[in-house]
Amino acid sequence: MTYRWWQKGIVYQIYPRSFQDSNGDGVGDLPGIVRRLDYLQSLNINAIWLSPIYPSPMHDFGYDVADYTGIHPLFGTLADFDRLLAEAHRRGLKVILDLVPNHTSDEHPWFIQSRASRNNPKRDWYIWRDPAPGGGPPNNWMSYFGGSAWAFDETTGQYYLHLFDVHQPDLNYRNPAVREAMFNVMRFWLDRGVDGFRVDVITLMMKDPLFRDEPLNPDWDGIDPAYKLKHIYTSNLPEVHDIIRQMRAVIDEYDDRVMIGETYLPNEELMQFYGPNLNECHLPFNFQLITLDWDAQTVRRAVDEYEALLPPGAWPNWVLGNHDKHRVATRIGPAQARVANMLLLTLRGTPTVYYGEEIGMEDVPIPLEMMHDPPALNQPDQAHIIGRDPERTPMQWDSSPNAGFTPEGVQPWLPVAADYTRRNVAVQEQDPTSMLSLFRTLTVLRRAEPSLSVGAYAPVDTPAADVFAYTRTAPHADRFLVVLNFGRGSHTLDFSHVASRGSIAVSTGMHRTGPVDLSRLTLGPDEGLVIRMG
Ligand code: GLC
């Protein structure tokens, strides 16, 4: 059995604005990423995924694209991009771009034309509707960033649809010319040598042709207005799979590229995004470790269910964090973040790591007046809950002013964490017990051991409700038992039925190695162990 790089490897997400500034403007850029490639290589990751780097007015920090085939001057030039690609490839690192097909910026030339007149040839590239019979928006659809999803255009007297910010009009994928244009965008980057795409809100690309009102969501938590309605007419429509298959066909025109989809969905629906013949996403993102409660039984059930539902041949994947969700160390605490990383890096399936997780970065509280994120600014009452700035702050490289992200005296676009002199790459590189050391130990082991990267997963029952245990097994290779304590209590457990002998390969505590008695395995509070079975 041979496995592809995106099956065996680890994906590392970079939020380019916040990774490394090279020109002293307080915003990260492509030459900055080039400067950090040796570091990235030292993490034993296999691919970097860059959040959008295209020209954009930055209303949604690059997810509002004004030119799909250029580079925003803040980040550099196409020549800088080519250099990044070449330097990454030279180090054996793949480069995945963020493709944002659902919507453009309202400054994109396509939209400027589309809004110019009702009979402009690009009119039908976006979704325009007359006002409701009594006036007002055509239906009740809501923006994920708050308020109606419809904006009135004075010039032409119609509304356009924007499922996100008012500056992000949705493209009309029922128009074949729009599809062709986006497929050519993909070819532009694939021809340049990029290794694949993470496709933004891939589930939303088709909308109900009858534009019916969406029903209220009875399970709404009363906080995030994005989920006040049940998105049965704007999300996950059957027709969306047709476009995804076409996108995949474009990917398959090239050798060994990957397509990852942003898919926040329950397991059964998620599986449909692999496609009936595995001809859609290689990896529809599995966000359960972000969205579920952090509880051993809940997580185990989720892993078991996901494993059981995967179609034959479909490859699993796991994600702990991204630029839209509060950081894992903040959600579950620093001690459990170590356990969570051990889980991520020992489960079956491709792990995706968000920059800074390898040093246990936490959310940085951002006062309202310093927030940038549109959903937070649109809904100031909920800003502290739904705002995404806290998880997008500068990478903490060292103890120098501004954490080595941008030179002293420059104001970074978002504040650096207050505790950065203690939590940064340089400090943690010197400390064998640090999160970074644990991360590297785990990634070295994962790379060396076929059981951990591609081996079978099997859960192991334990009497302790706080403990999740499983084995990883590949043919003709050492087998591993992973035992994770999600709680604050200690446990002594008997695993002698799983293996007669074992030796600790990694412990989250970093102080235990060597042979252990599997009939009386003790586990401290917040402790996780990877055990090589004899
Ligand atoms: C995706 C992105 C998010 C962005 C939204 C609109 O969910 O991850 O950051 O705001 O799409 O493009």
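Draft legend 1. Representation of the overall build of the protein in the model. Along the backbone of the protein there are 17 helices and 19 strands. A globule of 534 residues ought to have a C-alpha radius of gyration of about 24 Å, and the protein, at 24 Å, matches this closely. By its C-alpha atoms, the protein is 75 × 50 × 45 Å across when sized along the principal axes. The burial tally for the protein puts 63% of its 534 residues in the buried class. Excluding contacts between residues fewer than 6 apart, the proportion of contacts in the protein whose partners are at least 24 apart in sequence is 69%.

Draft legend 2. Here's a closer look at the packing of aromatic side chains. If you walk through the whole model with that rule in mind, you get 31 aromatic pairs. Relative to Phe285, the ring of Trp49 has its centre 5.6 Å away and its plane inclined at 40 degrees; by these criteria the two rings are tilted. Of the two residues, Trp49 is situated in strand β2 (residues 47-50) and Phe285 in the loop between β9 (283-284) and α9 (288-291); the sequence distance between them amounts to 236 residues. Overall, the relative accessible area of 3% leaves Phe285 in the buried class. Here the aromatic rings of Trp141 and Trp150 are separated by 6.1 Å at their centres, their planes lie at 25 degrees, and the arrangement is stacked.

Draft legend 3. Region of the structure containing the side chain of Thr406. Inspection of the secondary structure puts Thr406 in the loop between α14 (383-386) and α15 (425-429). Of note is the side chain of Thr406, whose polar atom sits 2.6 Å from the side chain of Asp21. In contact with Thr406, not counting residues within four places along its chain, are Asp21, Gly24, Gly26, Pro401 and Pro412.

Draft legend 4. Quick peek at the pattern of salt bridges. As enumerated under the stated definition, the model contains 34 salt bridges in all. The partner of Asp373 in a salt bridge is Arg388, with the nearest N and O atoms 2.8 Å apart. One end of the pair, Asp373, is in the loop between β11 (350-354) and α13 (374-378); the other, Arg388, is in the loop between α14 and α15, with 15 residues separating them in the sequence. Given a relative accessible area of 0%, Asp373 falls into the buried group. Its relative accessible area of 10% is what places Arg388 among the buried residues. The salt bridge involving Glu429 is made with Arg440; its shortest N-O contact spans 2.7 Å.

Draft legend 5. Here's a closer look at the domain arrangement of the protein. Partitioning the protein into structural domains gives domain 1 (5-102 + 176-207 + 238-438), domain 2 (109-161) and domain 3 (456-533). Between domain 1 and domain 2, the contact holds 14 residues from the first and nine residues from the second. Taking both sides of the interface into account, the surface hidden between domain 1 and domain 2 amounts to around 880 Å²; carbon and sulfur atoms contribute 78%. At the boundary of domain 1 with domain 2, the tally comes to zero salt bridges. The interface formed by domain 1 and domain 2 holds two residue pairs in polar contact (both at pLDDT 80 or more) in total. Residue assignment for the side of domain 1 that touches domain 2 shows that the elements contributing at least two residues are α6 (176-192) and α13. Examining the composition of the side of domain 1 that touches domain 2, we find that four residues originate from one element, α6, more than from any other. Taken together, the residues that form the side of domain 1 that touches domain 2 break down as nine nonpolar, two polar and three charged.

Draft legend 6. The arrangement of helix α12 (residues 334-344) in detail. Burial runs high along α12: nine of the eleven residues are buried. Regarding α12, the residues found buried are Gln336, Ala337, Arg338, Val339, Ala340, Asn341, Met342, Leu343 and Leu344.

Draft legend 7. Spatial organisation of the nonpolar core. Within the largest apolar cluster, 137 residues are counted, with the highest numbers of intra-cluster contacts made by Tyr12, Leu40 and Leu50. Listed in part, the 18 residues of the second largest apolar core include Phe495, Val498, Ala499 and Ile504.

Draft legend 8. Structural detail: the site of the ligand. Around the ligand, the surrounding shell holds 14 residues, and the nearest of these are Asp60, His103, Asp200, Glu262 and Asp324. Residue Arg198 places a side-chain N or O atom 3.0 Å away from an oxygen atom belonging to the ligand. Glu262 is positioned with one of its side-chain polar atoms (N or O) 2.9 Å from an oxygen atom of the ligand. When the ligand is considered free in solution it has 310 Å² of accessible area, and contact with the protein chains removes 96% of it. Of the residues contributing to the shell around the ligand, the split by class is four nonpolar, three polar and seven charged.

Draft legend 9. Structural context of helix α16 (residues 435-448). The end-to-end C-alpha distance of α16 is 20 Å, a good match for the 20 Å that 14 residues give at a rise of 1.5 Å each. Along α16, ten of the 14 residues are buried, which leaves the element largely enclosed by surrounding structure. What α16 keeps buried is the set Met435, Leu436, Ser437, Leu438, Phe439, Arg440, Leu442, Thr443, Leu445 and Arg446.

About the cut-offs
- Residues numbered from 1 in each chain as written.
- Predicted model: local features only at pLDDT ≥ 70, side-chain atom pairs only at ≥ 80, totals over all residues.
- Heavy atoms only, no water.
- Helix = DSSP H or I, 4+ residues; strand = E, 2+ residues; numbered from the N terminus.
- Rg over C-alpha atoms; globule rule 2.2 N^0.38 Å.
- Buried < 20%, exposed > 50% of the residue type's maximum accessible area, 1.4 Å probe, protein only.
- Contact = heavy atoms within 4.5 Å.
- Phe/Tyr/Trp six-rings, centres within 6.5 Å; stacked < 30°, edge-to-face > 60°.
- Polar contact = N/O pair within 3.5 Å; in protein donor to acceptor, adjacent residues only side chain to side chain.
- Salt bridge = Lys/Arg side-chain N within 4 Å of Asp/Glu carboxyl O.
- Domains from an automatic or database assignment.
- Buried area = accessible area lost by both parts, 1.4 Å probe.
- Nonpolar A, V, L, I, M, F, W, Y, C, P; charged D, E, K, R; others polar.
- Core = buried A, V, L, I, M, F, W, Y, C linked by side-chain atoms within 4.5 Å.
- Near = heavy atom within 4 Å.
- Areas by Shrake-Rupley, 256 points an atom, 1.4 Å probe, with all protein chains shown as cover.
- Expected span 1.5 Å × (residues − 1).

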